[in-house]
Amino acid sequence: METPAVIVIGAGLAGLVAANALADQGRAAVVVDKARAPGGRLATRRLVGLGERTARLDHGAQFFTVRSPDFAEVVHGWRRAGLVREWCLGFGAGGDGHPRYCAEAGMNTVAKFLAASVDLTCDATVHSVSRHNGLLRVTMTNGDTLVSDSVILTPPVPQSLALLENGELVLPAGVVDELGAISYARCLALLVTLDGPSSVPDPGGVQLGVDDHPLFSFVGDNEMKGISDVPAVTFHVHDEPSQRMWDAPDTEALLLAAARPWLGERTVVASELKKWRYARPLVASTATHVGLESGDGTRLVFAGDAFAGAKMEGAALSGLAAAEYLAG
Ligand SMILES: Cc1cc2nc3c(=O)[nH]c(=O)nc-3n(C[C@H](O)[C@H](O)[C@H](O)COP(=O)(O)OP(=O)(O)OC[C@H]3O[C@@H](n4cnc5c(N)ncnc54)[C@H](O)[C@@H]3O)c2cc1C
């Protein structure tokens, strides 16, 4: 009997790396994502800027670091493809000497590159994952279904658990406890385009602790980073104010006022507020993935940046680990 394609839920970094790794192992995969395009938190937005020209702003991940040999190998492929380059050796005076990488044309291009070689359907929101005739059945909100013996779930863990609950798929109690403990911080992101260069210092990024600034955790000048042809700045907000200001009607105005030191005397051409409900795992798993094999031979794998050490590196390593688990 032909081996059914692995179903990968989520076309963020973890899901796309997993699908590519499965293909390398000769196992077909189908990837579904609820968004209009792949990338998840590898997100790049276009916004009107100086002279009606289009600015490009990373509004999820801003840069990444490379610590493990496995991620270095993945990134080597991205560098060979001309997708990514070193941005700087850290932020602040002199940096810390550790390379920070960025994508040449915005982080989302990394996702597009990885998605080009996989069978991907976007605008496909999964409603449930259930057991059906000895297989796993993935049901979309539009009623379409996919079946396979293997499913990789890469949405933020609370969202993945909700899909199983919708499908009345019961997990062992210990696993529910482990996965149920995983939680995420929210993040507000303010995107601003200007009529001239910002006041963000070299190399175009400022990392701030809660003691440095009450609101912002990162300020990134997308023009200085080299991804925007016109001045465009991204502001990320710390966990606590993101939570507190989430639904407040005047949040964008308040953040714009607080952003002024980095905008100098420039006039704001356009601004936009983006909300990341699941921005960053607060409590993560110590495992690289969680794989569950049931008596009927079906395998369910949880992966994503809540595993393998968070951030882009963790998401990629978790995707690799999920594919390896299924290969084994
Ligand atoms: C504001 C912000 C700043 C960040 N800065 C950095 C940084 O500077 N450096 C760094 O290394 N990392 C950074 N990160 C983290 C990095 O972006 C993530 O770790 C990584 O992109 C996560 O990838 P993932 O595949 O695990 O999850 P995601 O990218 O969240 O992918 C999950 C996918 O699942 C899809 N999905 C969810 N539910 C469903 C459903 N029901 N049906 C179908 N599809 C579904 C989503 O649409 C999404 O595409 C940042 C993140 C944010 C939000």
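Everything below is about the structure shown above.
Read on for a plain summary of the structure.

Here's the deal with the packing of helix H1 (residues 13-24) against helix H9 (residues 311-327)
At step 1: Running from N to C, H1 and H9 point in directions that differ by 35°, and their axes come no closer than 7 Å. Regarding H1 and H9, the two cross each other, and that crossing is right-handed. Contact residues: Leu13, Ala14, Gly15, Val17, Ala18, Ala21 and Leu22 in H1; Met312, Ala315, Ala316, Ser318, Gly319, Leu320, Ala322, Ala323 and Leu326 in H9.

Considerations on the sheet that holds strand S7 (residues 119-121)
At step 1: The strand order across the open sheet formed by 6 strands is S7-S2-S1-S11-S18-S17, and the pairing between neighbours is mixed. Either end of the sheet is taken by a strand with one partner, and the two such strands are S7 and strand S17 (290-293). The sheet shows a mean angle of 15° between the axes of neighbouring strands, direction not considered.
At step 2: Note: strand S1 (residues 6-9) against strand S11 (residues 150-153), 3 bridges, orientation parallel.

Focus: the nonpolar core
Generally speaking, a soluble globular protein has its nonpolar side chains buried in company with each other.
At step 1: Counting 70 residues, the largest nonpolar core has Leu16, Val17, Ala18 and Ile152 as the members making the most contacts within it.
At step 2: Counting residues per element, this core draws most heavily on H9, which supplies 10 residues.
At step 3: The residues contacting Ile152, other than those within four sequence positions of it, are Val6, Val8, Ile9, Gly15, Ala18, Val301, Ala303 and Ala322.
At step 4: Leu50, Cys187, Leu190 and Leu215 belong to the second-largest nonpolar core, a separate cluster that totals 28 residues.

Things to note about the site of the ligand
At step 1: Near the ligand lie 37 residues; those nearest to it are Gly10, Gly12, Gly40, Pro155 and Gly304.
At step 2: The set of elements that each furnish at least two residues to the shell around the ligand consists of H1, helix H4 (157-166), strand S12 (183-194), strand S16 (268-283) and H9.
At step 3: Looking at the shell around the ligand residue by residue, the classes come out as 20 nonpolar, 11 polar and 6 charged.

Here we look at helix H3 (residues 108-115)
At step 1: For H3, the tally of buried residues reaches 6 of 8 residues, placing the bulk of the element in the interior.
At step 2: Of the residues making up H3, those classed as buried are Asn108, Thr109, Val110, Ala111, Leu114 and Ala115.
At step 3: Among the structural elements, H1, strand S3 (44-48), helix H2 (69-80), strand S5 (84-88), strand S6 (100-103) and S7 are those in contact with the buried residues of H3.

Comments concerning the pairing of strand S8 (residues 126-132)
At step 1: Examined bridge by bridge, S8 and strand S9 (residues 135-140) share 6 bridges and lie antiparallel to one another. Looking across to S9, one finds that Ser130 is bridged to Arg137.
At step 2: Hairpin geometry of S8 and S9 is characterised by an intervening segment of 2 residues between the two adjacent antiparallel strands and by a positive phi of about 50° at Asn133.

Quick look at the sheet that holds strand S14 (residues 216-221)
At step 1: Judged by pairing direction, the sheet is antiparallel, and its 5 strands sit side by side in the order S13-S14-S15-S12-S16 without closing on themselves. Only two strands of the sheet have a single partner each, and these edge strands are strand S13 (205-207) and S16. Sheet twist, expressed as the average angle between the axes of neighbouring strands with direction ignored, equals 15°.
At step 2: Direction of pairing for S14 relative to strand S15 (residues 232-237): antiparallel, over a ladder of 5 bridges.

Brief notes about unusual backbone geometry
At step 1: The omega torsion across Asp202 and Pro203 is 5°, close enough to zero to call that bond cis.
At step 2: With respect to the element layout, Pro203 can be found in the loop between S12 and S13.
At step 3: Of note, Asp123 is a non-glycine position whose phi angle comes to about 55°, a positive value.
At step 4: As for its position among the elements, Asp123 is in the loop between S7 and S8.
At step 5: The exposure class assigned to Asp123 is exposed, which follows from the 12 C-beta atoms found within 10 Å.
At step 6: Phi is positive for Ala308, which is not a glycine, with a value near 60°.
At step 7: By the element assignment, Ala308 lies in the loop between strand S18 (299-302) and H9.

So, how was this worked out
- Residues numbered from 1 in each chain as written.
- Predicted model: local features only at pLDDT ≥ 70, side-chain atom pairs only at ≥ 80, totals over all residues.
- Axes fitted to C-alpha atoms, helices over the stretch in contact; angles between N-to-C directions.
- Helix = DSSP H or I, 4+ residues; strand = E, 2+ residues; numbered from the N terminus.
- Left-handed = near helix turned anticlockwise from the far one by under 90°.
- Contact = placed C-beta atoms within 7 Å.
- Pairing = 2+ DSSP bridges.
- Core = buried A, V, L, I, M, F, W, Y, C linked by C-beta atoms within 7 Å.
- Buried ≥ 20, exposed ≤ 12 C-beta atoms within 10 Å, placed from the backbone.
- Near = placed C-beta within 6 Å.
- Nonpolar A, V, L, I, M, F, W, Y, C, P; charged D, E, K, R; others polar.

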